[in-house]
Amino acid sequence: MKMVRCGILLALVGLFSFVAAQTVQEFSLKVLEFRGSVEARLPEGSQRLVKENYQLPVGSSVRTQEKSTVILEWLPYKARVKLAPETEIQLSTTRSLLLQKGRIWAGTPPPPVGERRFPLPIQCEQVQIVSSPDALFSVARQADGTVTVSVDQGKVFVSVGQSVVTVSKAQMLIISPQNVVTGPMPMTKQEQVLWDMGGVR
């Protein structure tokens, strides 16, 4: 457990060092592609349908409707975040991504020579997640508050209360609304199908 906590701390140190270095490019979400009806809510409260290349500042929310999806670029990480139908996220003022409902897949493509990837911070209710820089992972929140985390590549560190759990490649973790943790365990066939149908590989 101490080694896991150390890994989390190192990841966070790297993350916040990167954040502190961002003096030119602000954190934002850029719309790369979408299907169906996707709505954005800006920090001042106005709402609008998204368009390709539309850039959303910190504090904005994105929501997909039934049968709609969107792929966002999370800047300046250059990460890809895909929202499943009926999903809502917010880029918080702490620069983490808040999953309010639904499912997302996230990861950063291999960078050009001379650049590096960074840990991605995700929060979902009581669950806090920090990925390894090379991770491809999914986070889902059901209507009853159950949170599912699954990893296709790399690993993620999941913090629930005072516990930190490492979820590695091809594993998943389930957290109940009462913070009862199940796993990590091998991905179920259903979770694998969701990756095959909608992941950001």
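Computed from a prediction, not measured in an experiment: that's the story for all the values here. Once a new chain begins, its residue numbering starts again from 1 and follows that chain's sequence as written. For this predicted model, a pLDDT threshold of at least 70 governs which residues receive local features, and a threshold of 80 or more governs which side-chain atom pairs are given and counted, while totals over whole chains, interfaces and linings are taken from all residues. Just so you know, side-chain values use all the structure's heavy atoms and leave hydrogens and water out.

**Here we look at the overall build of the chain**
Just so we agree on the cut-off: Secondary structure counts use DSSP, requiring at least four H or I residues in a row for a helix and at least two E residues in a row for a strand, with both numbered from the N terminus. Any residue under 20% of the maximum accessible area for its type is buried, any over 50% is exposed, and the rest in between are partly exposed; the area is computed with a 1.4 Å probe on protein chains only. To be clear on the numbers: accessible area is Shrake-Rupley with a 1.4 Å probe, and residue cover counts the displayed protein chains and nothing else.
When helices and strands are counted, the chain shows two helices and 17 strands. Looking at the chain residue by residue over its 201 residues, the buried ones come to 46%. Entry remark: accessible area of the chain is about 10,100 Å², with carbon and sulfur atoms responsible for 53%.

**Comments concerning the side chain of Ser132**
So the rule is basically this: Here a residue-residue contact requires only that any non-hydrogen atoms of the pair lie within 4.5 Å.
Mapped onto the fold, Ser132 is located in the loop between β11 (127-131) and β12 (136-141). Overall, the relative accessible area of 11% leaves Ser132 in the buried class. Residues within four places of Ser132 in sequence aside, it is in contact with Gly154 and Lys155.

**Re helix α2 (residues 189-198)**
As a reminder, the rule being used: Working definition: the arc comes from the directions between the helix axis and the C-beta atoms, pointing outward to the latter.
If you check which residues of α2 are buried, you get Glu191, Trp195 and Gly198. For α2, the angular spread of the buried residues around the axis is 100°, confining them to a single face. Turned more than 90 degrees off the buried face of α2, the exposed positions are Lys189, Gln190, Asp196 and Met197. In this structure, the buried residues of α2 make contact with β7 (79-83), β9 (97-107), β12, β13 (147-153) and β16 (171-175).

**So, the environment of Phe34**
For Phe34, the location among the structural elements is in strand β1 (residues 28-35). C-alpha of Phe34 to C-alpha of Thr69: the two residues are 35 residues apart in sequence and 5.6 Å apart in space. The contacts of Phe34, once residues within four sequence positions are left out, are Val50, Lys51, Glu52, Thr69 and Val70.

**Topic: the environment of Pro43**
By secondary structure assignment, the location of Pro43 is in the loop between β2 (38-41) and β3 (47-49). Taking the C-alpha atoms as reference points, Pro43 and Pro57, separated by 14 residues in sequence, lie 7.8 Å from one another. Excluding anything up to four places from it in sequence, Pro43 contacts Pro57, Val58, Gly59 and Ser60.

**Topic: the packing of aromatic side chains**
Convention followed: Between rings of Phe, Tyr and Trp, where Trp is taken as its six-membered ring, a pair exists when centres lie within 6.5 Å; planes separated by under 30 degrees are stacked, by over 60 edge-to-face, and by other angles tilted. Whether a charge sits over a ring comes down to the Lys NZ or Arg CZ being within 6 Å of the ring centre and within 35 degrees of the ring normal.
For the structure shown, the criterion picks out two aromatic pairs. Between Phe27 and Tyr77 the ring centres are 5.3 Å apart and the planes differ by 75°, which places this aromatic pair in the edge-to-face class. Of this pair, Phe27 sits in the loop between α1 (2-20) and β1 while Tyr77 sits in the loop between β6 (69-75) and β7, and the two are 50 residues apart along the sequence. Each ring, one from Trp74 and one from Tyr77, has its centre 5.1 Å from the other, and the planes form 85°; the classification is edge-to-face. These aromatic residues form a ring-pair network of at least three members: Phe27, Trp74 and Tyr77. One Lys or Arg, Lys82, reaches over the ring of Trp105 and ends 5.9 Å from the middle of that ring.

**Some thoughts on the side chain of Ser60**
For clarity, the cut-off: Pairs of N or O atoms are called polar contacts if they sit within 3.5 Å, as long as, within protein, a hydrogen donor faces a hydrogen acceptor (for residues adjacent in sequence, only side-chain-to-side-chain pairs).
Tracing the chain through its elements places Ser60 in the loop between β4 (55-57) and β5 (61-64). Within polar-contact distance, the side chain of Ser60 engages the backbone oxygen of Pro57 at 2.8 Å. What Ser60 contacts, discounting residues up to four positions off in sequence, is Arg41, Leu42, Pro43, Ile89, Gln90 and Leu91.

**Re the pattern of salt bridges**
Rules: Any carboxyl oxygen of Asp or Glu that lies within 4 Å of a side-chain nitrogen of Lys or Arg is treated as forming a salt bridge with it.
Inspection of the entire model under this criterion finds six salt bridges. Of the charged contacts in the structure, one is a salt bridge between Arg103 and Glu191, with a shortest N-O distance of 2.7 Å. Linking Arg103 in strand β9 with Glu191 in helix α2, this pair joins segments that are 88 residues apart in sequence.

**Let's talk about the pairing of strand β15 (residues 163-168)**
Formally: Pairing between strands is defined by DSSP: at least two bridges between the two strands are required.
Pairing between strand β14 (residues 155-160) and β15: six bridges, direction antiparallel. Bridge pairing in β15 places Val156 opposite Val167. As consecutive antiparallel partners, β14 and β15 are separated by two residues, and within that stretch Gly161 has a phi angle of approximately 60°, a positive value.

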